[in-house]
Amino acid sequence: MNDLHALSVCLKNNDLSILDQTQLPNKQEWLVCDSIDSMVLMIQKLQIRGAPAIGIAACLLLATRAEKGVTRERFIAEASLLRAARPTAVNLMNNIDSLLEASEKEYPVSVVKEAERLFFEDIELCDKLAELGNSLIQPHNKVLTHCNTGGLATVGVGTAIGAIRKAHESGKQIQVWVDETRPLLQGGRLTAWEMGELGVPYQLICDSMAGMLMARGEVDCVFVGADRIAANGDFANKIGTYSLAVLTHYHKVPFYVVAPSTTVDLTCKSGADIPIEERDSFEVKGVKGGFGACVWAPEDAFVYNPAFDVTPANLVTAWVLDTGIYSPEDIQIGKLLG
Ligand code: MRU
């Protein structure tokens, strides 16, 4: 396979490495990923994360293995193991299904080609999203974002963060409120790091501060990503997104969701059909990771830890997909994919 480089994924001489996102921003450690089991674990531990990035990383591993001589029967079995690694982000399933379809003819060359195509497609989709999302941002806007939807979460410039980055690079002099995003702090650790690297002016806030800022008129718009968008426009994204959407509705702040078309799942009629991942209790009882472990809750505390929530379509101002910007009216007449 050709060498491929992104912020959190690297393929060199047919060996795949991923940047361990659990250790960011304190340490930049690249981990070699040479087996399906290790990739499943890396995805589950969120060492590689973000809907598009996990889909692409999984496909690159499958393709390198196909090229190294894994039989098609084994390839199919390994694809189904990876497909089930995390349940909510549909990009993983969509990307692997494309690879499986490609494998029907001229395996393994077709699989290698398809994995490379998916990699470059994600870069292209992100560029389109950035362009379209930027058109919704006005000069001097204060933009709030949640979780991490940037270069770490995709192999391109990102989705919601791609739009923010484009606005910054266009000289719009925006300011960004970065939600820390409990429990795993993708905002506090990853988005803050990316904003700093890109030189985008930002301030980190606790998730619970967003309402107060909106009440004070300090938020002009909210940009978030998605892990799965249902046919009626409801979408799943990092836990806390729904609360933000409700706040924007009350405070009449525009709320935009930015995602590639690989995040749309027309087999889900509404958000109720989207499976929601539940994660380990330790994530809520404290923090653990590259920054060490700190547990503050009673050891035997009862915990509920859904990793995502569903935002209903009626709270969304517009859906920014690579195929265009969709209004609530467009969604009602079923135009989601143009
Ligand atoms: O659990 P994570 O960190 O993988 O969750 C990521 C998100 O919720 C992102 O907003 C989403 O995947 C879009 S990334 C472009």
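Below or above, wherever it landed, is the structure these notes cover. Quick caveat, the model's predicted, so the values are computed rather than measured. (Residues numbered from 1 in each chain as written. Predicted model: local features only at pLDDT ≥ 70, side-chain atom pairs only at ≥ 80, totals over all residues. Heavy atoms only, no water.)

1. Topic: the overall build of the chain
Note the threshold: Strands are runs of DSSP state E lasting at least 2 residues, helices are runs of H or I lasting at least 4, and numbering of each runs from the N terminus. Throughout, the radius of gyration refers to the C-alpha atoms, and the reference size of a globule is 2.2 Å times the residue count to the power 0.38. The contact definition used throughout considers only heavy atoms, calling two residues in contact when any of these lie within 4.5 Å. Using a 1.4 Å probe, the Shrake-Rupley method yields the accessible areas, and only the shown protein chains count as cover for residues. None of His or the chain ends enter the tally, which takes Lys and Arg as positive and Asp and Glu as negative. Each charge is placed at NZ for Lys, CZ for Arg, CG for Asp and CD for Glu.
Per the secondary structure count, the chain includes 11 helices and 17 strands. Over its C-alpha atoms the chain spans a radius of gyration of 19 Å, differing by no more than 12% from the 20 Å that the globule rule assigns to 338 residues. When contacts within the chain are restricted to residue pairs at least 6 apart in sequence, long-range pairs at least 24 apart make up 73% of them. If you sum the accessible surface of the chain, you get close to 14100 Å²; carbon and sulfur atoms cover 52% of it. In the chain, which carries 29 positive and 42 negative side-chain charges, the distance between the mean positions of the two groups comes to 1 Å.

2. Structural notes on the pattern of salt bridges
Keep this limit in mind: Each reported salt bridge corresponds to a side-chain nitrogen of Lys or Arg within 4 Å of a carboxyl oxygen of Asp or Glu.
Within this structure, the stated rule accounts for 14 salt bridges. With its nearest N and O atoms 3.8 Å apart, the salt bridge here joins E131 to K166. With E131 in helix 5 (residues 109-134) and K166 in helix 6 (residues 160-169), this pair connects stretches of sequence that are 35 residues apart. Of the charged contacts in the structure, one is a salt bridge between E218 and K142, with a shortest N-O distance of 2.9 Å.

3. Thoughts on the environment of P108
Examined against the element boundaries, P108 turns out to sit in the loop between helix 4 (90-102) and helix 5. Distance from P108 to R65, taken between C-alpha atoms, is 9.2 Å for residues 43 residues apart in sequence. Residues in contact with P108, not counting those within four places in the same chain, are A66 and E67.

4. Side note on unusual backbone geometry
What counts, and what does not: Only protein chains enter the calculation, and the probe is 1.4 Å; a residue is then buried if its accessible area is under 20% of its type maximum, exposed if over 50%, and partly exposed in between.
That bond from L24 to P25 is cis: its omega, 0°, falls within 30 degrees of zero. Relative to the helices and strands, P25 is located in the loop between strand 3 (15-19) and strand 4 (30-33). With omega at 5°, the peptide bond leading from R182 into P183 counts as cis. You will see that N13, though not glycine, has its phi angle at about 50°, which is positive. You can see N13 is positioned in the loop between strand 2 (9-12) and strand 3. The exposure class of N13 is exposed, given its relative accessible area of 62%. Residues other than glycine seldom take positive phi values, yet H140 does so here, at roughly 70°. Locating H140 in the fold gives a position in the loop between helix 5 and strand 5 (142-145).

5. Topic: the site of the ligand
The condition that has to hold: Proximity is defined per residue: if any heavy atom of the residue lies within 4 Å of a molecule or strand, that residue is considered near it. Think of a polar contact as two N or O atoms within 3.5 Å of one another; within protein, one of them needs to be a possible hydrogen donor and the other a possible acceptor, and neighboring residues in sequence only count if both atoms come from side chains. The residue classification treats Ala, Val, Leu, Ile, Met, Phe, Trp, Tyr, Cys and Pro as nonpolar and Asp, Glu, Lys and Arg as charged. All others, Gly included, are polar. Each domain's extent is set by a domain assignment, obtained either automatically or from a database.
Neighbouring the ligand are 18 residues; R49, R86, D227, N237 and K238 lie closest to it. A51 places a polar main-chain atom, nitrogen or oxygen, 2.9 Å from an oxygen atom of the ligand. Contact distances for the ligand include 2.8 Å between an oxygen atom and a side-chain N or O atom of D227. Within the complex, the protein chains bury 99% of what would otherwise be the 420 Å² of accessible surface of the ligand. For the shell around the ligand, the secondary-structure elements that each account for two or more residues are helix 2 (51-67) and strand 10 (235-238). In the shell around the ligand, the residues fall into 7 nonpolar, 7 polar and 4 charged. Structurally, the shell around the ligand is a two-domain feature, drawing no fewer than three residues from each of domain 1 (4-125) and domain 2 (136-332).

6. A look at the packing of aromatic side chains
Threshold: Between 30 and 60 degrees the pair is tilted, below 30 it is stacked and above 60 it is edge-to-face, where a pair is any two Phe, Tyr or Trp rings, Trp via its six-membered ring, whose centres lie within 6.5 Å. We count a charge as sitting over a ring when the NZ of a lysine or the CZ of an arginine lies within 6 Å of the ring centre and within 35 degrees of the ring normal.
A full pass over the atoms with the stated rule returns 4 aromatic pairs. Relative to F120, the ring of F119 has its centre 5.3 Å away and its plane inclined at 80°; by these criteria the two rings are edge-to-face. Judged by its relative accessible area of 1%, F119 falls in the buried class. F120 sits in the partly exposed class, given a relative accessible area of 47%. The cationic tip of K238 hangs over the ring face of F308; the distance from NZ or CZ to the ring centre is 4.3 Å.

7. Focus on the pairing of strand 5
Under the convention used in this document: Only when DSSP finds a minimum of two bridges between them are two strands counted as paired. Crossovers are marked right-handed if the path from the first strand over the helix to the second runs clockwise, as seen with the strands pointing away from the viewer.
Summarising the sheet, strand 5 and strand 6 (residues 175-179) pair through 4 bridges and their orientation is parallel. Bridged to T145 within strand 6 is V178. Once you follow strand 5 into helix 6 and on to strand 6, the crossover reads as right-handed. When strand 5 meets strand 8 (residues 221-224), the two strands line up parallel, connected through 3 bridges. Bridging across to strand 8, T145 finds its partner in F223.

By themselves these figures say nothing about function.
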